[in-house]
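Listed below are the residues making up each chain.
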Amino acid sequence: MGKDVCHIKIVPEDRVIKVAKGSNLLSGLQDAGIHIASSCGGQGTCGKCKVVIKSGEYNAGITPFLSKTEVSEGYALACLTLVEGDLTLSIPPSSKVLGEGIISGGEKRLIDERWAIGPWDVKPRTKSFCLSLSPPSLDDNRSDLERIGSALSSQGCNSYHIHCPLYLLKNLARQVRDGEWKVTVTIIPACDGIEIIDIQPGKACLQHYGVAIDVGTTTVVCYLVDLNDGRIIASEADYNAQISCGEDIISRIIFGRSQKGLERLHNLVISTINRLILQLLKGAQIKPDRLFSFMVVGNTTMIHLLLGLDPRYIRESPYIPTFSSIPHYIKASEIGIHANKNAYLSGLPSIASYVGSDITAGFLAAGIYRLSEMSVFIDIGTNGEIVVGNKDWLVAASCSAGPAFEGGEVKFGMRASTGAIDSVRIDPQSFEPVYSTVHKQSARGICGSGILDCLAEMFLAGLINRRGKINRELYHPRIREGTDGWEYVIVWEKDTAIGKDICLTEVDIDNIIRAKGAVFAAMKVLLKEIGFTVDQVDLFLIAGGFGHCLNIENAITIGLLPDLPFERFRYLGNSAIIGAYMALISEDLRQEISEVAKGVTYIELSTSASFMDEYVSALFLPHTDQSLFPNVGSKTSLNRKGA
Ligand code: FES
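Residues numbered from 1 in each chain as written. Predicted model: local features only at pLDDT ≥ 70, side-chain atom pairs only at ≥ 80, totals over all residues. Heavy atoms only, no water.

Draft legend 1. Broad picture of the overall build of the protein chain. Broken down by element type, the protein chain carries 17 helices and 26 strands. The globule rule puts the C-alpha radius of gyration for 643 residues at 26 Å, and the 27 Å found for the protein chain is close to it. Taken along its principal axes, the extent of the C-alpha atoms in the protein chain is 100 × 75 × 45 Å. Expressed as a percentage of its 643 residues, the buried residues of the protein chain come to 57%. When contacts within the protein chain are restricted to residue pairs at least 6 apart in sequence, long-range pairs at least 24 apart make up 67% of them. Taken as a whole, the protein chain presents about 26300 Å² of accessible surface, with 51% of it coming from carbon and sulfur. In the protein chain, which carries 62 positive and 71 negative side-chain charges, the distance between the mean positions of the two groups comes to 3 Å. (Helix = DSSP H or I, 4+ residues; strand = E, 2+ residues; numbered from the N terminus. Rg over C-alpha atoms; globule rule 2.2 N^0.38 Å. Buried < 20%, exposed > 50% of the residue type's maximum accessible area, 1.4 Å probe, protein only. Contact = heavy atoms within 4.5 Å. Areas by Shrake-Rupley, 256 points an atom, 1.4 Å probe, with all protein chains shown as cover. Lys, Arg positive; Asp, Glu negative; His and termini not counted. Charge placed at Lys NZ, Arg CZ, Asp CG, Glu CD.)

Draft legend 2. Up close: the environment of Cys-549. Along the polypeptide, Cys-549 turns up in the loop between strand S24 (539–544) and helix H13 (552–557). On the accessibility criterion, Cys-549 (24% relative accessible area) is partly exposed. Each C-alpha atom, one on Cys-549 and one on Ser-608, is 33 Å from the other, the two residues being 59 residues apart in sequence. Ignoring anything within four residues of it in the chain, the contact list for Cys-549 reads Asp-422 and Ser-449.

Draft legend 3. Fine view of the packing of helix H7 (residues 261–284) against helix H8 (residues 300–307). Contact pair H7 / H8: the axes reach a minimum separation of 7 Å and the direction vectors enclose 95°. Taken together, H7 and H8 sit at an angle that is classed as roughly perpendicular. Of the residues in H8, those in contact with Leu-262, Leu-265, His-266, Val-269, Ile-270 and Ile-273 of H7 are Leu-305, Leu-306 and Leu-307. (Axes fitted to C-alpha atoms, helices over the stretch in contact; angles between N-to-C directions. Parallel < 35°, antiparallel > 145°, perpendicular 65-115°, else oblique.)

Draft legend 4. The arrangement of the packing of helix H6 (residues 249–256) against H7 in detail. Contact geometry of H6 with H7 gives a least axis separation of 7 Å together with a crossing angle of 125°. As judged from the angle between their axes, H6 and H7 are oblique. Across from Arg-252, Phe-255 and Gly-256 in H6, the residues of H7 making contact are Gly-261, Leu-262, Arg-264 and Leu-265. Looking at the contact of H6 with H7, its residues break down into three nonpolar, two polar and two charged. (Nonpolar A, V, L, I, M, F, W, Y, C, P; charged D, E, K, R; others polar.)

Draft legend 5. Quick look at helix H11 (residues 448–460). The end-to-end C-alpha separation of H11 is 18 Å, in line with the 18 Å expected for 13 residues at 1.5 Å each. The buried fraction of H11 is high, at 13 of 13 residues. Of the residues trailing H11, Gly-462 is marked for its positive phi of about 80°. (Expected span 1.5 Å × (residues − 1).)

Draft legend 6. The sheet that holds strand S6 (residues 127–132), seen in detail. Read from one edge to the other, the open sheet built from four strands follows the order S6-S8-S9-S7, with strand pairing classed as mixed. Pairing within the sheet leaves two strands with one partner each, and these edge strands are S6 and strand S7 (162–163). Across the sheet, helix H4 (residues 144–154) is in contact with S6, S7, strand S8 (182–190) and strand S9 (193–201); its angle to S6 comes to roughly 110°. Contacts between helix H5 (residues 166–178) and the sheet are confined to S8 and S9, with S9 contributing the most and set at about 50° to the helix. (Pairing = 2+ DSSP bridges.)

Draft legend 7. A look at the side chain of Thr-272. Mapped onto the elements, Thr-272 comes out in helix H7. When its relative accessible area of 0% is taken as the criterion, Thr-272 is described as buried. A distance of 2.9 Å separates the side chain of Thr-272 from the backbone oxygen of Leu-268, its partner in a polar contact. When neighbours within four sequence positions are excluded, Thr-272 is seen to be in contact with Val-220, Tyr-239, Asn-240 and Ala-241. (Polar contact = N/O pair within 3.5 Å; in protein donor to acceptor, adjacent residues only side chain to side chain.)

Draft legend 8. Focus on the nonpolar core. In this structure, Met-458, Ile-542 and Leu-560 are the most contacted members of the largest nonpolar core, which totals 76 residues. Considering each element in turn, this core owes the most residues, 13 residues, to helix H12 (residues 506–529). (Core = buried A, V, L, I, M, F, W, Y, C linked by side-chain atoms within 4.5 Å.)

Draft legend 9. Expanded view of the pairing of strand S1 (residues 5–10). Side chains of S1 alternate between two faces, with Cys-6, Ile-8 and Ile-10 buried and Val-5, His-7 and Lys-9 left unburied. Pairing of S1 with strand S2 (residues 15–20) involves six bridges; the strand directions are antiparallel. Residue pairing for S2: Lys-9 is matched across the bridge by Val-16. Between S1 and S2, which pair antiparallel in sequence order, lie four residues; one of them, Asp-14, sits at a positive phi of approximately 65°. As paired strands, S1 and strand S5 (residues 81–90) are joined by three bridges and run parallel to one another.

Draft legend 10. Local environment of the side chain of Asn-511. Looking at the secondary structure, you find Asn-511 in helix H12. When sequence neighbours within four positions are dropped, the list of residues in contact with Asn-511 reads Ala-404 and Glu-409.

Draft legend 11. Region of the structure containing the environment of Ser-430. Positionally, Ser-430 belongs in the loop between strand S18 (420–426) and strand S19 (433–437). Of the residues examined, Ser-430 reaches a relative accessible area of 31% and is grouped as partly exposed. Along the chain, Ser-430 and His-476 lie 46 residues apart, while their C-alpha atoms are 9.0 Å from each other.

Draft legend 12. Looking closely at the packing of aromatic side chains. Across all of its chains, the model carries six aromatic pairs by this definition. Taking the centre distance of 5.3 Å and the plane angle of 35° together, the rings of Phe-540 and Phe-569 count as tilted. Here Phe-540, found in strand S24, pairs with Phe-569, found in strand S25 (residues 569–573); they are 29 residues apart in sequence, far enough to count as distant. Centre to centre, the rings of Phe-611 and Tyr-615 are 6.3 Å apart; their planes meet at 10°, and the pair counts as stacked. Of this pair, Phe-611 and Tyr-615 both sit in helix H16 (residues 609–617), separated by four residues, roughly a single helical turn. According to the relative accessible area criterion, Phe-611 is buried, its value standing at 16%. Seen from the ring of Phe-129, Lys-127 lies directly overhead, with NZ or CZ sitting 5.2 Å from the centre. Against the face of Tyr-167 rests Lys-341, its NZ or CZ located 3.8 Å from the ring centre. (Phe/Tyr/Trp six-rings, centres within 6.5 Å; stacked < 30°, edge-to-face > 60°. Lys NZ or Arg CZ within 6 Å of the ring centre and 35° of its normal.)

Draft legend 13. Region of the structure containing the pattern of salt bridges. Inspection of the entire model under this criterion finds 29 salt bridges. Across the pair Glu-195 and Lys-331 runs a salt bridge, and its minimum N-O distance is 3.8 Å. Note that Glu-195 is positioned in strand S9 and Lys-331 in the loop between helix H9 (312–315) and strand S14 (344–347), a separation of 136 residues in sequence. In this pair, the class of Glu-195 matches that of Lys-331, namely buried. Between Lys-598 and Glu-595 there is a salt bridge, with its nearest N and O atoms 2.9 Å apart. Here Lys-598 pairs with Glu-595, and both are found in helix H15 (residues 587–598), just three residues apart, close to one helical turn. For the pair Lys-598 and Glu-595, a shared accessibility class is recorded, and that class is exposed. Salt bridges sharing common partners tie together Asp-140, Arg-142 and Arg-147. (Salt bridge = Lys/Arg side-chain N within 4 Å of Asp/Glu carboxyl O.)

Draft legend 14. Focus on the pairing of strand S13 (residues 291–298). For S13, the buried fraction is high: eight of the eight residues fall into the buried class. Two strands pair when backbone bridges link them, and strand S10 (residues 209–215) and S13 are joined in this way by seven bridges, in the parallel orientation. From the neighbouring strand, Ala-212 faces S13, where its bridge partner is Met-295. Pairing of S13 with S14, which is carried by four bridges, proceeds in the parallel orientation. Bridge pairing in S14 links Ser-293 to Tyr-344.

See below:
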């Protein structure tokens, strides 16, 4: 009888994992915490989950993503492979999801400059009080808890009704006496008074911390914050471990419908958060039970999965979520976050199913609801979310841009992590590129900002025409017909870390043009719906998915952003985490933005008759209507060589 458990040895790391015989290789790796690229969530349609099986018994499905040579060398797609016996395998660099080196955006700049937001008071939801209690006597026989209530009242705290969990009450008598009638009490407001969430003997007021969390579909970012003074102690970011179940929201929702899929997605994101928190606490030498408050933002699907809720109805018309803001009474420990047992979660409201609390946090950080200027806040990622308005009114819309700006649907596309090409220049005479990579490592692929640069530079150099078709008459070694059609070689194999030429193909270009077309069309239609034109916008605030750099000039060149003076643009980076941080340290700001969010009008573009017309018009470089991009026209006439 054959054995039921198989051992998989991963080389060169020499790590051995166990999986059940007959199980899916991708799931087995995921279960062991080994995350490899799998954009389609194991559907067999992205070709990203390649492994090289050196020896052993397995049953690999047929796939067009592997050449005959690759199959003969042992390459297989993990999601299409069943484990039949012990295996030895390696994970090629192109399939690795590197946790380190995720680049964050301009959020640091946003904090430093505080350009659109004024100074704010530190007034978090939870508060610690160091109390000196008057010792009891025969003349003062109030209970220990009453004594705490009086001391809190004398510090201006409404303690008319005090709620105190039984397990804290059990230790109260000992703690007040151990602290010689000095005690630190941490409270949170309740609807009819306060709830005590922690009691420590002595003066422990300085140990009062919280965490702001942005749960992105791709990355999770955490800020550890001192809630006494609002100081950011440290920040950490990592890939959302759910990435191995699909790279976009829709593939996650589909994955959630598989057996135990929902549970797995929930556990993966919680494990990511706990890992980040652990790193933050370790670095700052803080114990988990000193964390009292969490502010979490993210798109609506991510927040549902964080709480373990089924997000399937977000995908089905009329696109209704279970809730629009994390209910105030949920404790972090209830969903598995390692913190003080009584620490509470908070969130910001979403505006619609596809305009989540990350966007609400973004415009809190950008402060457009306080500005007189007519402003556009745009978050560009797999979805393009747009908020337009000023202090008097706000409207919002979203569109599906596809994953191209985040490296998806691009042959050598990757996240902005180590080895990603993040900027490209092409000499218009020699067609030779100059590029940079994240952390200056050998190139492994190309991320959003590099993709956008490469497209703009190819256009300006005359390597592609206005439809994104490569000029076949240029006869240059970097321009050739490859297995996926015509392509431009950015990096030759010998200079890469993946042993292959890194190219941008015509198919990639087509995907990028469709993505930029959707975002530009959405912005134009939204403005039109409210009676404005693009040139009436005073301020463009850009957030989201381009790693640490977005070349605004190149974004205009390809027609992603309108052709307006540069001084009207600001790149914010990850504004969601800044908004989460602000709402964590200021309950006033949280309430203010929650009220503002209620007043935002959402416009459904999928029912707008003009969206499709605008979209089709935007499928050119930079646009069908060249008069919208006069500066791009003058640059191309200077540079082009006969495309
Ligand atoms: Fe395997 Fe997409 S092809 S995860």
